[in-house]
Amino acid sequence: MILRFQTLLFTFLLIACEPMEPEMAALSPSNLSFEVMIDESISNRVTVEATADDVNYYMFSFGDGSEKLRENSGTVTYSYEEAGTYTIEVYAHTTADVFISETKNVEITVEQTSDFEDEGFVSPTEYAGYELVWQDEFEANELSNDYTFETGTGSNGWGNNESQYYREQNTRLEQGYLIIQAKEENFGGSDYTSSRIITEGKREFKYGRFDIRAKMPYGQGIWPAIWMLGANFREVGWPNCGEIDIMEMIGGQGRESTVHGTVHWQSNEGYANYGHSKTLQGETLAEQFHVFSIIWDDNSIEWLIDNQSYGSIDTTPSHLDEFREEFFFIFNVAVGGNWPQYPDETTEFPQEMWIDYIRVFQQP
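Model, not experiment: these values are computed from the prediction.

What counts, and where the lines are drawn
Residues numbered from 1 in each chain as written. Predicted model: local features only at pLDDT ≥ 70, side-chain atom pairs only at ≥ 80, totals over all residues. Heavy atoms only, no water. Helix = DSSP H or I, 4+ residues; strand = E, 2+ residues; numbered from the N terminus. Rg over C-alpha atoms; globule rule 2.2 N^0.38 Å. Buried < 20%, exposed > 50% of the residue type's maximum accessible area, 1.4 Å probe, protein only. Contact = heavy atoms within 4.5 Å. Areas by Shrake-Rupley, 256 points an atom, 1.4 Å probe, with all protein chains shown as cover. Lys, Arg positive; Asp, Glu negative; His and termini not counted. Charge placed at Lys NZ, Arg CZ, Asp CG, Glu CD. Pairing = 2+ DSSP bridges. Axes fitted to C-alpha atoms, helices over the stretch in contact; angles between N-to-C directions. Polar contact = N/O pair within 3.5 Å; in protein donor to acceptor, adjacent residues only side chain to side chain. Core = buried A, V, L, I, M, F, W, Y, C linked by side-chain atoms within 4.5 Å. pLDDT = per-residue confidence, 0-100.

Student: Can you tell me about the overall build of the chain, naming the residues and giving the values?
Tutor: Scanning the chain for helices and strands turns up 3 helices and 25 strands. Here the C-alpha atoms of the chain give a radius of gyration of 28 Å, more than 25% beyond the 21 Å that 2.2 N^0.38 yields for 364 residues. Projected onto the principal axes, the alpha-carbon positions of the chain cover approximately 105 × 65 × 40 Å. In the chain, which comprises 364 residues, the share counted as buried stands at 49%. In the chain, the share of contacts with a sequence separation of at least 24, taken over all contacts with a separation of at least 6, comes to 67%. Approximately 18,200 Å² of the chain is accessible, and the part contributed by carbon and sulfur atoms is 46%. Taking the average place of the 20 positive charges on the side chains of the chain and the average place of its 62 negative ones, the gap between the two points comes to 3 Å.

Student: Tell me what's going on with the sheet that holds strand β5 (residues 75-79), and back it up with residues and numbers.
Tutor: Judged by pairing direction, the sheet is antiparallel, and its 3 strands sit side by side in the order β1-β2-β5 without closing on themselves. Every other strand in the sheet has two partners, leaving β1 (30-38) and β5 as the edge strands with one partner each. On average, adjacent strands in this sheet sit at an angle of 20 degrees to one another, irrespective of strand direction. Relative to β5, strand β2 (residues 45-53) runs antiparallel, the two sharing 5 bridges. Bridge assignment links valine 48 to a residue of β5, and that residue is valine 76.

Student: Please provide a residue-by-residue account of unusual backbone geometry, values included.
Tutor: Along the chain, tryptophan 238 connects to proline 239 via a cis peptide bond; the corresponding omega equals 10 degrees. That bond from phenylalanine 349 to proline 350 is cis: its omega, -5 degrees, falls within 30 degrees of zero. Residue placement: proline 350 occurs in the loop between β24 (327-335) and β25 (351-362). Of note, the phi angle at glutamine 175 is positive, near 55 degrees, even though the residue is not glycine. You can see glutamine 175 is positioned in the loop between β11 (171-174) and β12 (177-187). Residue classification places glutamine 175 among the exposed residues on the basis of a relative accessible area of 58%. Not every positive phi belongs to a glycine, and tyrosine 207 is a case in point at roughly 75 degrees. Mapped onto the secondary structure, tyrosine 207 falls in the loop between β15 (204-205) and β16 (208-215).

Student: Describe the environment of arginine 203, naming the residues involved and giving the relevant values.
Tutor: Along the chain, arginine 203 falls in the loop between β14 (196-198) and β15. Between the alpha carbons of arginine 203 and tryptophan 134 there is a distance of 8.6 Å; along the sequence they are 69 residues apart. With residues near it in sequence (within four places) discarded, arginine 203 still touches Trp134, Asp146, Phe327, Phe328 and Phe329. In terms of polar contacts, arginine 203 uses its side chain to reach the side chain of aspartate 146, at 3.2 Å.

Student: Any chance you could break down the nonpolar core for me, citing the residues and the numbers?
Tutor: If you look at the biggest cluster of nonpolar residues, it comprises 49 residues, and the most contacted ones within it are Phe329 and Phe331. With 5 residues, the top contributor of residues to this core is β24. Grouped together as the second largest cluster of nonpolar side chains are 20 residues, Val46, Tyr58, Val90 and Ala92 included.

Student: Give me the lowdown on the confidence of the model for the chain, citing residues and values where you can.
Tutor: This prediction gives the chain a mean pLDDT of 91; 91% of its residues lie at or above 70. Note on residues 1-5: pLDDT is under 50 here. Beyond four places in sequence and across chains, it has 0 contacts.

Student: Which residues make up the pairing of strand β20 (residues 270-279), and what are the values?
Tutor: Across 10 bridges, the pairing between strand β19 (residues 258-267) and β20 is antiparallel. Opposite histidine 264, over in β20, you have asparagine 273 as the bridge partner. With antiparallel pairing between neighbouring strands as the criterion, β19 and β20 make up a hairpin whose turn holds 2 residues.

Here it is as structure tokens:
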């Protein structure tokens, strides 16, 4: 017994005295180089291609105050918001703490796609039996406090497997228009960016006539929408809060001539939806401005385009109680998703939805 204990002790001492293997330091990357290419057709968009040896991933800083972008492949596309000279810095990483970097300056000019004629239907500023209770003609230099930006990729691509990352930078006011721009650029792990703005908690309405004059984008996978959600969305969730789609358009495959108006709600049997659509003859919704409207009261919701009705729903059944509460507005341009599917080689970027005005009329 004593001999066995001594043998075990001797073995333990031998193991304890063996030298520890030194930790291997991470090998630093080397031979970092990169090229910056300015898009010939879109002067504010650049593509950066980086290469290095012994690299695990790259980080890109574009010198405009935006957050760094991470990309494993070494190639990234980015769009600047303003003209100027910027310093692009590329980092080649082995680990978070082991990296090398290089910088280059780039001269950016920003060309806005503002050369177009304001053609199309214009709605009146008054209707018999109604009062104008709120409007935004977008004549200011920036959005008012009536709006909030929703950013990021949402849950499951905003519930629809959409491909874009929503950013504030993709919205601007110009010449009296609100413009939401969808871009093909890598940001936050997404291949596209766009914007989504809401009036939740700021401008919420129950019943009335709602007119929004807008010109649509186009292209496979492009999905602009002007719609509303019940103001109790945060408490009861969707679809229990109800949803009113004033206008949706699906891009590509000849679908840009059709406007869709739909409602979604929670019926006695579960999720339900109902809607109508109208297809224009000889033109698309991207060629000129149209006025998209609903007339909503305690009995029905009616959809109109250029003051022409194309469908309605009777909301008097008790299981449509969602539509007897207040709702807020949402404006967005999605890229990809379950309904439109995804951009392909025919899709041109950037794409923009232009909104001339929003007007809300209610009965006194």
